[in-house]
Amino acid sequence: MKTAIILFVVISAASFSTVLVSDDFSDGNADGWTEMPTGASYTVEAGRYCFTQTAPDTVWADSWISDIVGGMSVSDYSCRVNLIPNEGEMFGIVGRGNVGTIQGYGLFILIDKIDNYLLLIKIEGIGQGQVLGVMPGSFSYGQEYWLRLEMNGHLIGGKYWTGNAGDEPAVWNLTAKDDSYNDPGIFTLFGYDSNTGGSASMDVSFDDVEITDETTLDLQSGSWAFVKTLF
Ligand SMILES: [Ca+2]
Ligand SMILES: [Ca+2]
């Protein structure tokens, strides 16, 4: 009997992850989120969290959350979100974020007139950062995408997919090693557009945010991504 109980405890520890944050906005509000007063409009419409703004110059929106007051309870966590970019240049999510110093790890979809990319960025201030990983993508407005950003120790990973949440591929699109930010920080939803032709306009919506303490990035996937870049 004692053996059975111990075995159960071991299996439990190995099998279950804890959901730290989850929001599908089906209750019609964004309670729990802190919206940066950038001039953008933040609304919940039809169960999605929408950021919109049009102005003569650069526009951006940023709303953050954490599972406990002041930041996430753990440093290693995995963030999944659904998003639809409708207008603008850059859309995505940030983990281990710090709103005071404007730092963190960001996974963004970049849509501009010529090229589209998935970007993994170490944010080092307003408009400043280092690209940790980049890959071309075929992103378009009005299309639904899923993003996952994960931080596990010094391993940072990002991926995207279309379809349903359950269609998530096992493979990571972008992985990097970085030791800069180790604090748990906060999780952020982000949208941005720059001034092109005298106007900037951003329109993006988010849904099905889920942050868990279950991480699948390991040294092997990081090494493998590195090895693949050699060929
Ligand atoms: Ca809500
Ligand atoms: Ca929803």
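Note that this is a predicted model, so its numbers are computed, not measured. (Residues numbered from 1 in each chain as written. Chains lettered and ligands numbered in written order. Predicted model: local features only at pLDDT ≥ 70, side-chain atom pairs only at ≥ 80, totals over all residues. Heavy atoms only, no water.)

Caption draft 1: Looking closely at the coordination of the calcium ion (ligand 2). Coordination of the calcium ion (ligand 2) by the protein comes from Asp-24 (O), Gly-47 (O), Asp-207 (OD) and Asp-207 (OD), over a distance range of 2.3 to 2.5 Å. Between the donor residues of the calcium ion (ligand 2), the gaps in sequence give the motif D-x22-G-x159-D. In this pair, Asp-24 is assigned in the loop between β1 (19–23) and β2 (34–35) and Asp-207 in strand β15 (residues 200–212), connecting sequence segments 183 residues apart. Classification of Asp-207 by relative accessible area gives buried; the value is 11%. (Donors = N, O, S within 2.8 Å, 3.2 Å for Na, K, Ca; no water. Helix = DSSP H or I, 4+ residues; strand = E, 2+ residues; numbered from the N terminus. Buried < 20%, exposed > 50% of the residue type's maximum accessible area, 1.4 Å probe, protein only.)

Caption draft 2: Fine view of the coordination of the calcium ion (ligand 1). Protein-derived coordination of the calcium ion (ligand 1) comes from Asp-27 (OD), Asp-27 (OD), Asn-29 (O) and Asn-29 (OD1), at a distance range of 2.3 to 2.5 Å. Take Asn-29: its relative accessible area is 25%, and that puts it in the partly exposed class.

Caption draft 3: Inspection of the pattern of salt bridges at higher detail. The final tally for this structure, using the stated rule, is 6 salt bridges. Between Asp-76 and Arg-96 there is a salt bridge, with its nearest N and O atoms 2.9 Å apart. Note that Asp-76 is positioned in the loop between β5 (59–65) and β6 (77–87) and Arg-96 in strand β7 (residues 90–98), a separation of 20 residues in sequence. Exposure remark for Asp-76: the relative accessible area of 27% places this residue in the partly exposed category. (Salt bridge = Lys/Arg side-chain N within 4 Å of Asp/Glu carboxyl O.)

Caption draft 4: Representation of the sheet that holds β7 in the model. Reading across the sheet, the 7 strands line up as β2-β5-β14-β7-β8-β9-β10 and stay open at both edges, with antiparallel pairing between neighbours. Two strands bound the open sheet, and with one partner strand each, they are β2 and β10 (128–136). Across 6 bridges, β7 lies against strand β14 (residues 186–193) in antiparallel orientation. Along β14, the bridge assignment pairs Gly-97 with Ile-186. (Pairing = 2+ DSSP bridges.)

Caption draft 5: Here's a closer look at the side chain of Thr-38. Of note, Thr-38 is situated in the loop between β2 and β3 (41–45). From its side chain, Thr-38 meets the backbone oxygen of Trp-60 in a polar contact 2.5 Å long. In this view, Thr-38 contacts Gln-53, Trp-60 and Ala-61; residues no more than four positions away in its chain are not counted. (Polar contact = N/O pair within 3.5 Å; in protein donor to acceptor, adjacent residues only side chain to side chain. Contact = heavy atoms within 4.5 Å.)

Caption draft 6: Here's a closer look at the confidence of the model for the protein. On average, the protein scores 91 in pLDDT, and the residues at 70 or more come to 88%. Every residue in residues 6–13 scores below 50 in pLDDT, and together they form 0 contacts with partners more than four places removed in sequence or on other chains. (pLDDT = per-residue confidence, 0-100.)

Caption draft 7: Region of interest: the packing of aromatic side chains. Under the defined criterion, the tally for this structure stands at 14 aromatic pairs. Ring plane angle 55° and centroid distance 5.7 Å describe the contact between Trp-33 and Tyr-49, whose orientation is recorded as tilted. Separated by 16 residues along the polypeptide, Trp-33 in the loop between β1 and β2 and Tyr-49 in strand β4 (residues 48–55) bring together distant segments of the chain. Assessed through its relative accessible area of 8%, Trp-33 is described here as buried. Taking the relative accessible area as the measure of exposure, Tyr-49 reaches 0% and is therefore buried. Of note, Lys-159 hangs over the ring of Trp-172, and the distance from its end group to the ring centre comes to 4.5 Å. (Phe/Tyr/Trp six-rings, centres within 6.5 Å; stacked < 30°, edge-to-face > 60°. Lys NZ or Arg CZ within 6 Å of the ring centre and 35° of its normal.)

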